[in-house]
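An overview of the molecular structure
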Amino acid sequence: MNIVVLVKQVPDTWSERRLRADDSTLDRDAADAVINELDDYAIEEGLRLQEAHGGEVTIVSMGPQKAADAIRKALSMGADKAVHVTDEALRGSDGLVTSAVLASVLGRTGFDLVILGSESTDARMGTLAAMLAERLGVPQMSFASKVETDGSKITIHRQADYGYDTVEGALPAVVSVVEKINEPRYPSFKGIMAAKKKPVETLSLADLGMDASQAGLAASATQVVSFANRPPRAAGTIVTDEGDGGAKAAEFLASRKFI
Amino acid sequence: MQDAEFADVLDAVRRFVRTKVVPREDEIEETDAIPADIRRAATQMGLFGYTLPAEYGGLGATLSQDVRLAFEFGYTTPAFRSLFGTNNGIAGQVLVSSGTDEQKQRWLPRLAEGAIASFALTEAEAGSDPSGLTTKAIRDGDGYVLSGVKRFITNAPLADLFVVFARTDPAARGTRGISVFLVDAGLHGVRVGPRDRKMGQAGAWTAEVLFDQVRVPSTALVGGQEGAGFAAAMRSLVRGRVHIAAICVGMADRLLAESVSYAKSACQGGQPIGEFQLVQAMLAEIKTGAYAGRAMVAEAARNYDSAADRRIGPSAAKLFCSEMVGRAADLAVQVHGGLGYMRGIPVERMYRDARLFRIYEGTSEIQKLIIGRALVRDGN
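Remember, it's a predicted structure, so these values are computed and weren't measured experimentally. (Residues numbered from 1 in each chain as written. Chains lettered and ligands numbered in written order. Predicted model: local features only at pLDDT ≥ 70, side-chain atom pairs only at ≥ 80, totals over all residues. Heavy atoms only, no water.)

A closer look at the pattern of salt bridges
Rule in force here: Salt bridge, as applied in this entry: a Lys or Arg side-chain nitrogen positioned within 4 Å of an Asp or Glu carboxyl oxygen. Counting from the N terminus, the helices are the DSSP runs of H or I reaching at least four residues and the strands are the DSSP runs of E reaching at least two. Note on classification: 1.4 Å probe, protein chains only; a residue is buried when its accessible area is under 20% of the maximum for its type, exposed when over 50%, partly exposed between these limits.
Evaluated as defined, the whole model comprises 46 salt bridges over all chains. A salt bridge links Arg72 of chain A to Asp8 of chain B; the nearest nitrogen and oxygen atoms lie 2.8 Å apart. Taken as a pair, Arg72 of chain A in helix α2 (residues 68-77) and Asp8 of chain B in helix α1 (residues 3-21) lie in two separate chains rather than in one. Judged by relative accessible area, Arg72 of chain A falls into the partly exposed class, the value being 24%. Each of Glu25, Asp26, Arg254, Glu258 and Arg349 of chain B takes part in salt bridges that share partners, so that together they form one network.

Some words on the packing of aromatic side chains
Here is the rule: Side-chain rings of Phe, Tyr and Trp, where Trp is taken by its six-membered ring, are said to pair if the distance between their centres is within 6.5 Å; with planes under 30 degrees apart they count as stacked, over 60 as edge-to-face, and otherwise as tilted. Geometrically, a charge over a ring is one whose NZ (Lys) or CZ (Arg) sits within 6 Å of the ring centre while staying within 35 degrees of the ring normal.
One pass over the structure, following the stated rule, counts eleven aromatic pairs over all chains. Centroid distance Tyr50 of chain B to Phe73 of chain B: 5.9 Å. Interplanar angle 55 degrees. Geometry classified as tilted. Residue Tyr50 of chain B is found in the loop between α3 (36-45) and α4 (63-73), and its partner Phe73 of chain B is found in helix α4; the two are separated by 23 residues along the sequence. Taking the relative accessible area as the measure of exposure, Tyr50 of chain B reaches 1% and is therefore buried. Ring geometry for Phe357 of chain B versus Tyr360 of chain B: centroids 5.9 Å apart, planes at 55 degrees, classification tilted. Note on Phe357 of chain B: relative accessible area 0%, which makes it buried. Owing to a relative accessible area of 16%, Tyr360 of chain B belongs among the buried residues under this scheme. Counting every residue linked through ring pairs, the aromatic cluster contains Tyr186 of chain A together with Phe16, Phe48, Tyr50, Phe73, Phe80 and Phe84 of chain B. Against the face of Tyr75 of chain B rests Arg254 of chain B, its NZ or CZ located 5.4 Å from the ring centre.

Printed below as a string of structure tokens:
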């Protein structure tokens, strides 16, 4: 099975993240860069499906030069090869442009299954799976907490507030995963040593037959026009216990969907 | 291993320790065991052989690289590093430095894949000074027969291989006539006693090991000749000292992190105790010790790797860092006040765990003797 896992390098969730003052795009220098957390689960799922069904796992990432670090880490987990799309003209691209670029890469690599995290921790749009599936003309299987396939058909559990839906589709397909799906492995030392010998193809927009005018901030349908810092945390809700404190606390938690 | 690769290894180890082991510390303390899934993950990662040569399935980490990993291991319970510490350290290094090709071929790949090697030197009257060693290996036909009792043997209940020190020349005194044997733990006559009940370091198992007329082939003799393994074994202890010093630094970092976090959140008299200068002084003292220790370990490791100093530096680092972390643990408990005396609080556990560092792999007193002798005999 030809499995492609999409990986995005994002600023570390645990470090302070900022947008740039000049064009409101992400300030990539302000924070440590890591693999988007949900993409770790996507990689793990890709590797597990490969272990069960054979074939290859290819990592595809669009991002600056530095994203090569994220690609190397993905390869050290066990993926076979990678494609890195990098071009100065891509800076500031929104989801629509990103999906066009990635769809073009997927046209080159071919695929039976595309796996990605259901959202990135920086932009948090969560729309890429849908856009890609639409562009590629294949089923979108979103928010998967479980994936099963026999090589021609795919069945997932789609995570929902009330539990899950069992959704079935035909391959090829695009699957986005949630963190419930598995426990990502840590790269082994052998995997780390092997990663540097694995093929990484670097592509520019021109290599994909695209023009700089089709990418970046200017070509994007959406753009951040202004931003404001999150206001300081307001005082919390105080529940006075009049014999029903437990029930009130539970009600509050339920209203926020914690329970 | 190149820097870029090592950076990835270090990152993987750091994340593993902090996200997978630290949250399980209470469980390790309560069950006195490293959970099976952590051992499995450590095996898969390659932790059981990271200092062993690459051609035998290891990573071939230098001591300078080893200590940077040890700073990370030290951040969590020492039981975690103990699990694979004997493989990469004292026991494994004997094989690396003086095993025959056949011995290396037979054991090192297995160790790299998670088999456990245990270092059996210590006896009731042979600890810091091995000259009182009484375990015997008597030549018998094509092999040897071993008999004797070892104690405080780390990982003995888990061991697949014992690296055993025994006297092959009964007439010899002192450290002469001592040879080293590779003893398969499954051999008839090898018996491991119940796990020792210790002050701290729960989850790190030690036990007595009895060798009752254990017959080994002559191929079990390290280096293929009598007396060959002993000097090498002493050298492997030297390397281990720098590693232990690095573990102490890692623990001091953790003690500091716990203490700072507590000092910033715990209030007395309406303000966080971290605002009080006497508390700040304690934090400053922990930080300064950890900082000095880190620099010292890096220097000792660099000089060990380049062979510029394999005598004074390792002992000085082990002496300083083990004393330093003892003091840091004491201060960390003090910062926590009454809470620091309570079970379930990390600094209380580390206070007990830290005590061993001044004792094992050469007591502080022995380190002073080594340093002092070297100074008087050879100059600095």
